[in-house]
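The primary structure of each chain is shown beneath.
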Amino acid sequence: MTYTTRFVGIDISKSTFDICLLPENRTKTFANTRSGIASFLGWLAGYEDIEHLLVEPTGGYERSIVEALLAAGLPVAKVNAKYIRQFARASGQLSKTDRIDAFVIADYGRRMETRLLEPLSARQSELSDLVLRYRQLSHMIVQEKNRREKQVDKTLGWIEETLDFLVEQRRKVIKAMETCLAADTDLQAQANVLMSLKGIGMRTACFLLAGLPELGRLEKGQIAKLVGVAPLNRDSGLMRGRRTIAGGRQQVRDVLYVAALPAIRFDPDMKAFYQRLKQNGKPGKVALVAVMRKMIVRANARMRQYHAAVLDT
């Protein structure tokens, strides 16, 4: 197979990142620092026709590299690490080193379809950080509450002190989210579009804006599959298996689950839809997922209308 464009796979760790350029199969290692990233950008300047640069999520170590590449106007895609590993096995590549991983990532990019990332504004990045901190605090609060049930005497007091601190900081994060939205007219307008749907409040809108920046830019089937609420076929021959959901963005699904519960109570359309599914014999959980899918599709449609209106002005 002949390729006329180049693909760059980037395998990232805390201190370094390895790259592989295809089809030349050139590899190189850079320090995961500002100077190392600058050297990488200088090295890339010597090559034309780079179609995609691909990275895996690495718990945040990839962030500086991705932001620098997007700021330079380069085409960057982020690929689920599970897909990369499955692709490696399917290709017969069982060995695993940083350079091999960089090659596999690049090879995945030239053989499989990937979606390019769009650069985020400063306020969008800030909102993403705030949403991440909110989730971290909520997780720690649950942990402390679980510990509180098993403690007595002096240790109980320390747990209460920690809980008070965490709850207060989470309250400050919520306030910072509101301030972030108010400081960006476009971001506030998008949040208002989402909050026009019953079940979606300010926090849920922030979670969706941060966790699903593609909202309003994809077709309804694509957005449902991206979130992981699209039913997948399980058919083979004459057998027709039960449709299930799989993959997608779990954190966005968690947010939709919480939003779907009040939507079923207070949105007449969603309530009737949910009850109709239940009357047709669908289990409650299946009906609830269908409501989640309907909500995200509706939110996507309204965001598409918003983006179209912005382009017309």
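Student: In this structure, what is going on with the confidence of the model for the protein? I would like to understand it.
Tutor: A residue-level look at the protein finds 98% of positions with pLDDT of 70 or above and a mean pLDDT of 91. Strand β7 (residues 239-240) is the least confidently modelled element of the protein, averaging 68 in pLDDT, while helix α7 (residues 185-195) averages 96, the highest of any element.

Student: What is the right way to look at the side chain of Arg110 in this model?
Tutor: Its location among the elements puts Arg110 in helix α4 (residues 98-111). We classify Arg110 as buried; its relative accessible area is 18%. Looking at Arg110, its side chain comes within polar contact range of the side chain of Asp107, at 2.8 Å.

Student: Please clarify how the sheet that holds strand β4 (residues 50-55) should be interpreted in this entry.
Tutor: Picture the strands of a sheet paired through backbone hydrogen bonds; they go either parallel or antiparallel. The strand order across the open sheet built from five strands is β3-β2-β1-β4-β5, with neighbouring strands paired in mixed fashion. Where the open sheet ends on each side, the last strands, each with one partner, are β3 (26-31) and β5 (76-78). Taken pair by pair, the neighbouring strands of this sheet meet at an average axis angle of 20 degrees, ignoring direction. Alignment of strand β2 (residues 16-22) against β3, held across six bridges, turns out to be antiparallel. In the strand pairing of β3, Leu21 is matched with Arg26. Across the face of the sheet, helix α2 (residues 63-71) comes into contact with β1 (6-12), β2, β4 and β5 while running at roughly 150 degrees to β5.

Student: Just to check I follow, could you spell out the pairing of β1 for this structure?
Tutor: Within a regular strand, side chains alternate between the sheet's two faces. Across the seven residues of β1, six count as buried, placing the element largely inside the fold. As paired elements, β1 and β4 share five bridges and run parallel to each other. Each residue of the ladder has a partner; that of Phe7, found in β4, is His52. Examined bridge by bridge, β1 and β2 share six bridges and lie antiparallel to one another. From the neighbouring strand, Ile10 faces β2, where its bridge partner is Ile19. The turn linking β1 back onto β2 is made up of three residues.

Student: I keep staring at unusual backbone geometry and nothing clicks. Help me out?
Tutor: Excluding glycine, residues mostly have negative phi values, and the peptide bonds linking residues are mostly trans. Here the residue pair Leu22 and Pro23 is connected by a cis peptide bond, since its omega of 15 degrees sits within 30 degrees of zero. The backbone phi angle of Asn25 is positive, close to 60 degrees, even though this residue is not glycine. Examined against the element boundaries, Asn25 turns out to sit in the loop between β2 and β3. Overall, Asn25 belongs to the partly exposed group, its relative accessible area being 46%. One non-glycine residue, Asp49, lies in positive phi territory at about 60 degrees. Residue placement: Asp49 occurs in the loop between α1 (34-44) and β4.

Student: What should I look at first to understand the packing of helix α6 (residues 153-182) against helix α8 (residues 202-211) in this one?
Tutor: Each packed pair of helices is defined by two parameters, the angle between the axes and the distance between the axes. Interhelical geometry of α6 versus α8 gives an angle of 70 degrees and a closest axis separation of 11 Å. The angle between the axes of α6 and α8 places the two elements in the roughly perpendicular class. As α6 runs across α8, the sense of the crossing is left-handed. Contacts from Ile174, Met177, Glu178 and Leu181 of α6 reach α8 at Met202, Arg203, Cys206, Phe207 and Leu209. The residue inventory of the contact of α6 with α8, partitioned by class, reads seven nonpolar, no polar and two charged.

About the cut-offs
Residues numbered from 1 in each chain as written. Predicted model: local features only at pLDDT ≥ 70, side-chain atom pairs only at ≥ 80, totals over all residues. Heavy atoms only, no water. pLDDT = per-residue confidence, 0-100. Helix = DSSP H or I, 4+ residues; strand = E, 2+ residues; numbered from the N terminus. Buried < 20%, exposed > 50% of the residue type's maximum accessible area, 1.4 Å probe, protein only. Polar contact = N/O pair within 3.5 Å; in protein donor to acceptor, adjacent residues only side chain to side chain. Pairing = 2+ DSSP bridges. Axes fitted to C-alpha atoms, helices over the stretch in contact; angles between N-to-C directions. Contact = heavy atoms within 4.5 Å. Parallel < 35°, antiparallel > 145°, perpendicular 65-115°, else oblique. Left-handed = near helix turned anticlockwise from the far one by under 90°. Nonpolar A, V, L, I, M, F, W, Y, C, P; charged D, E, K, R; others polar.

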